[in-house]
Amino acid sequence: MQLKNIIDKVRYFQINRKAILFTDGKFNKNPIYQEVKYFNSFEEEYLLLDNNQKIINLNDFPNIPDNYFFKLSSSSSGYFILVDENSLNLETFIHTSEAIYSIKEKKIIYQNGIIGNRIFDDYALDGIGQDNINVFSISKKSKLINFSLSSLGTWLDGAIEKPYQVAEFSGIYENTLVCTLTSGGVLLLDIEKGEVKAFFEDAKIRGGIFQKEPDNPVFIGLKHTSYVEIDVLNGVLLKHFSIQDELTRLEKQSNKQGRWATVGTSIYENGYIYFYSETDMLCIFDPTTYKIIDFHEFDFDRKQGQQLKGGKENLQVKDGKIYCLDTLGNLYELESEVV
């Protein structure tokens, strides 16, 4: 893997739109605004936020009262979630009221209670870091289910007994929600009936699961040292094994000897899984051969705390090129000859 280019002083980017937000608050797609802290894109529109997650360009997103702010990572192609600032307790930082904004209708279409962390298609999901999963139907404007993970029992973390909690929502296929738990288990939940379709409690994967192809019932995942393939339609674990041998090979080939390679932040693009290992290595995994086919080690300045910036939004792929951000604001463009 070769490093092709570096752009410095970058806070956030969306490479598919060639949109870059710089650390000084300037946004290359809309230079009128100088104090932007975050942005999101919807087709040809950009939503810009200030330091308090308030929407700056309200002319583009009208009918939002002053007391609402944008909930990060909650948007889909058609909706996003707003939080009512007036419901926020500044001592506990717990809020009690949220709203759904329709991008097409340019208005809030529902507001009441806690709606969720993520939106998939017509569903808003709440429960990340919690022991309950709530599913809200946007079209019906009503809650479908409230599923308690306590019905699964508990799990042992060493000698400590713990409740099951949601680590990550991975997606929905034909009314079946796929999510990973903090125990490393994978849960398939029927969101219409509120019933467990399947529970793979020993999957040993806490995130990084993706739908293999649009309209395909197979989901694949790679995290820590585990690889899984799941048939969501039939509730079957198709493949489940450790890639420790591949990670050990990676450790031996790396320049930094004595490293302990594992799979961290990952994304799935064009049939490959791209992931970070430790804090300074970018790797490519081929799920057809189960091999790590390429990697790049960065020469970071440890004294400045320089490392790859976590979060899937900071690792992106476009036209065969890989883009990633570090904690000092350097945006790297890399290219691999094997993909």
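What counts and how
Residues numbered from 1 in each chain as written. Predicted model: local features only at pLDDT ≥ 70, side-chain atom pairs only at ≥ 80, totals over all residues. Heavy atoms only, no water. Helix = DSSP H or I, 4+ residues; strand = E, 2+ residues; numbered from the N terminus. Buried < 20%, exposed > 50% of the residue type's maximum accessible area, 1.4 Å probe, protein only. Contact = heavy atoms within 4.5 Å. Salt bridge = Lys/Arg side-chain N within 4 Å of Asp/Glu carboxyl O. Arc of directions from axis to C-beta.

Things to note about the overall build of the chain
A tally of regular secondary structure across the chain gives 1 helix and 30 strands. Its C-alpha atoms put the chain at 55 × 50 × 40 Å along the principal axes. Burial analysis of the chain (339 residues in total) assigns 50% to the buried set. Within the chain, contacts between residues at least 6 apart in sequence are counted, and of these 40% link residues at least 24 apart.

What about the pattern of salt bridges?
When charged atoms on two side chains of opposite charge get close, those side chains can pair. This structure, assessed with the given rule, holds 15 salt bridges. The salt bridge involving Lys71 is made with Glu98; its shortest N-O contact spans 2.6 Å. Of this pair, Lys71 sits in the loop between β6 (68-70) and β7 (79-84) while Glu98 sits in strand β8 (residues 98-102); the two residues are 27 residues apart in sequence, bridging distant segments of the chain. The exposure class of Glu98 is buried, given its relative accessible area of 0%. Bridged by salt links that share partners, the residues Arg259, Glu278, Asp280, Glu297 and Arg302 form one connected network.

Remarks on helix α1 (residues 244-253)
For α1, the set of buried residues is Glu246, Leu247, Leu250 and Glu251. Burial along α1 is one-sided: seen end-on, the buried residues are contained in an arc of 145 degrees. Facing away from the buried surface of α1 by more than 90 degrees, the exposed residues are Asp245 and Lys252. Its buried side turned inward, α1 meets β25 (272-277), β26 (281-286) and β27 (291-297).

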